[in-house]
Amino acid sequence: MLKASDYLPPWKGGVQQEMYKLDISWPKAPEYFSGQTFCVAVDSLHGVVYVGQRGDNIPKVLVFSEEGYFLDSWNDTVEMPHGIFVLSTATDSSVWITDVGAGKYGHTVKKYSPSGKLLQMLGTPGNAGSSLNPLQFDQPAEVFVEESGDMYVVDGDGGMNNRLLKLSEDFKEIWLSGENGTSIGQFKIPHSVTVDPFGRVWVADRDNRRIQVFDKVTGEWLGAWNSCFSEDGPYSVRFTADYKYLIVAQLNINRLAILSAPPVGDIGNCAIVSTIQLADETKPHLVDVDMKSGAIYIAEIGAQQVQKYVPL
């Protein structure tokens, strides 16, 4: 029998639960990936997957079905997509993109129709800044939008700002947390953001190698996880469909870590229950989860592709 002291946790080579397998049939036509794939978002209601990619003279957004068939592409007003998010309800769908470009559409958070029509542009296009009135961003990394219209923006990806901003449906500040630093509530490249059903906002604080958690109503700091990220910081945070686990991408070690997610109450300490080890130089950047099927989609800037993993 193993004594407790003999146990190795999964991230140190111990036995772990295998939870996902690669769907080798997705996509059907990988040749449509013609640039660096930075981000991916799933419209779970309609079975559609959006991919943001970078490169010269290529479409910046690709659209696939959940079965992997290519559906569409669009390019207008997108310079350098960093993060992408889909808000889909019974009556409406919208695609939100954070743009870190330096041109006339950069430093913005943009709302599009599913067909690529620009509906809203937040920030001061082409100008980096920290102002809240007028609203400005500097390389905004990712956005998460709730059905209420409230949204959470992590700003930025290496620019002058290191902040988490909650905006109302009419794009006014509700609360703001963060500045550059290592203390509680401070960030060094807040890179990804997601919200759980228990009223908590989870932020991948990339270069501080931790995840920080906040109350979504007040912005109060609730806790942080750092012991799971000694090898590499978290690049992306997304919950599984049942909210029992948190999927975290770690770009420099080519890995997805699957962490046990605490229910209501204390954040506690992080615990990795499983990992998905990707090939060398794959570089998983941002991920998304299909909240119907549970499938994970991984945007890989090294491999220049999106891969799909399905639950076992």
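The coordinates are above.
Residues numbered from 1 in each chain as written. Predicted model: local features only at pLDDT ≥ 70, side-chain atom pairs only at ≥ 80, totals over all residues. Heavy atoms only, no water.

1. Some details on the overall build of the protein chain
What the protein chain contains, in helices and strands, is zero helices and 24 strands. The globule rule puts the C-alpha radius of gyration for 312 residues at 20 Å, and the 18 Å found for the protein chain is close to it. With the C-alpha coordinates of the protein chain rotated into their principal frame, the extents come out at 65 × 45 × 35 Å. In the protein chain, which comprises 312 residues, the proportion classed as buried is 57%. Taking as baseline every contact in the protein chain between residues at least 6 positions apart, the subset at least 24 positions apart corresponds to 45%. (Helix = DSSP H or I, 4+ residues; strand = E, 2+ residues; numbered from the N terminus. Rg over C-alpha atoms; globule rule 2.2 N^0.38 Å. Buried < 20%, exposed > 50% of the residue type's maximum accessible area, 1.4 Å probe, protein only. Contact = heavy atoms within 4.5 Å.)

2. Comments concerning the state of the cysteines
On inspection of all chains with the given rule, the structure shows one disulfide. A sulfur-sulfur separation of 2.3 Å characterises the disulfide bridge that pairs Cys228 with Cys270. Taking the sign of the torsion about the S-S bond as the criterion, the disulfide between Cys228 and Cys270, at about 120 degrees, is right-handed. Placement of the pair is Cys228 in the loop between strand S17 (221-225) and strand S18 (236-239) and Cys270 in the loop between strand S20 (255-260) and strand S21 (272-277), with a sequence separation of 42 residues. Of the two residues examined, Cys228 and Cys270, each falls in the buried class. (Disulfide = S-S within 2.5 Å.)

3. A look at the pairing of strand S15 (residues 200-205)
Every other side chain in a regular strand lies on the same face of the sheet, so the side chains alternate between the two faces. Counting buried positions along S15 yields six of six residues, so the element is predominantly enclosed. Residues Arg200, Trp202 and Ala204 of S15 are buried on one face, and the alternating residues Val201, Val203 and Asp205, pointing to the opposite face, are buried as well. Of the pairings in the sheet, the one linking strand S14 (residues 190-195) to S15 comprises five bridges and is antiparallel in character. Bridged to Ser192 within S15 is Ala204. In sequence, S14 turns back onto S15 through a hairpin of four residues, with Gly199 there showing a positive phi of about 80 degrees. The pairing of S15 with strand S16 (residues 210-215) spans six bridges and is classified as antiparallel. Looking at S16, one finds that Arg200 is bridged to Asp215. Count of turn residues in the S15/S16 antiparallel hairpin: four residues, of which Arg209 carries a positive phi of about 55 degrees. (Pairing = 2+ DSSP bridges.)

That is the geometry; function is a separate question.
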